[in-house]
Amino acid sequence: MQKVVRFGVSIEESLLKKFDHFIKEKAYTNRSEAIRSLIRQNLIEKEWREKGVVAGGIALVYNHHKRELVNKLMDIQHDFPHIVISTQHIHLDHENCLEIVVVKGEAVEVEKLANRLGSIKGVKHSVLAKTTTGKEIS
Ligand code: NI
């Protein structure tokens, strides 16, 4: 277990009020937990901006009746076998599918894959959830 260090923070009253409101909204148990989370979030964003291995999920919603689209989704994923860890396919209704592609790899490559999948004609929505392998933020 790592040593925990206490430190004081000087902050404007009005900003602290807003921060406490934010803490309540996000359901953090206390200020320390909220500050830790914000620091980690910033470190993760840095990981994505710089070279390094990141993890994430690409969620795609599309109509599976469009066969060309389904083939393209598959072809592109096969161009990135070193990044795609797993895919989960959910049949939302008769025509709509939600596919979640779990990825781990160089940030640049992951973003390239997400952009290629998201820009296929017929994809209704795509989003890349950027997270971390966890190694750099403890
Ligand atoms: Ni489906």
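Just so we're clear, the structure is a prediction, and the values are computed from it rather than from any experiment.

To continue, consider the coordination of the nickel ion. For the nickel ion, the full set of protein donor atoms is His89 (NE2), His91 (ND1) and Cys97 (SG), at a range of 2.1 to 2.4 Å. Donor residues for the nickel ion sit on one chain with the sequence pattern H-x1-H-x5-C.

On to the nonpolar core. The biggest cluster of nonpolar side chains holds 22 residues, and the ones touching the most others in it are Ile58, Leu60, Leu73, Val103, Leu113, Leu117 and Ile120. Breaking this core down by element, the ones donating at least two residues are helix 2 (31–49), strand 1 (53–63), helix 3 (67–78), strand 3 (96–106) and helix 4 (107–118). The dominant element in this core, judged by the number of residues it contributes, is helix 4, at five residues. Excluding anything up to four places from it in sequence, isoleucine 120 contacts Leu69, Lys72, Leu73 and Ile76.

This part covers the sheet that holds strand 2 (residues 84–91). Spatially, the four strands line up as an open sheet ordered 2-3-1-4, and their pairing is antiparallel. Each end of this open sheet is capped by a strand with a single partner; those strands are strand 2 and strand 4 (123–131). The mean inter-strand angle of the sheet, taken between neighbouring strand axes irrespective of direction, is 15°. Taken together, the seven bridges between strand 2 and strand 3 define a ladder with antiparallel strand orientation. Note on strand 3: the bridge partner recorded for isoleucine 90 is leucine 98. Running at roughly 170° to strand 1, helix 3 makes contact with strand 1, strand 2, strand 3 and strand 4 of the sheet. Where helix 4 meets the sheet, its contacts fall on strand 1, strand 2, strand 3 and strand 4, and the angle it forms with strand 3 comes to roughly 160°.

What counts, and at which threshold
- Residues numbered from 1 in each chain as written.
- Predicted model: local features only at pLDDT ≥ 70, side-chain atom pairs only at ≥ 80, totals over all residues.
- Heavy atoms only, no water.
- Donors = N, O, S within 2.8 Å, 3.2 Å for Na, K, Ca; no water.
- Core = buried A, V, L, I, M, F, W, Y, C linked by side-chain atoms within 4.5 Å.
- Buried < 20%, exposed > 50% of the residue type's maximum accessible area, 1.4 Å probe, protein only.
- Helix = DSSP H or I, 4+ residues; strand = E, 2+ residues; numbered from the N terminus.
- Contact = heavy atoms within 4.5 Å.
- Pairing = 2+ DSSP bridges.
- Axes fitted to C-alpha atoms, helices over the stretch in contact; angles between N-to-C directions.

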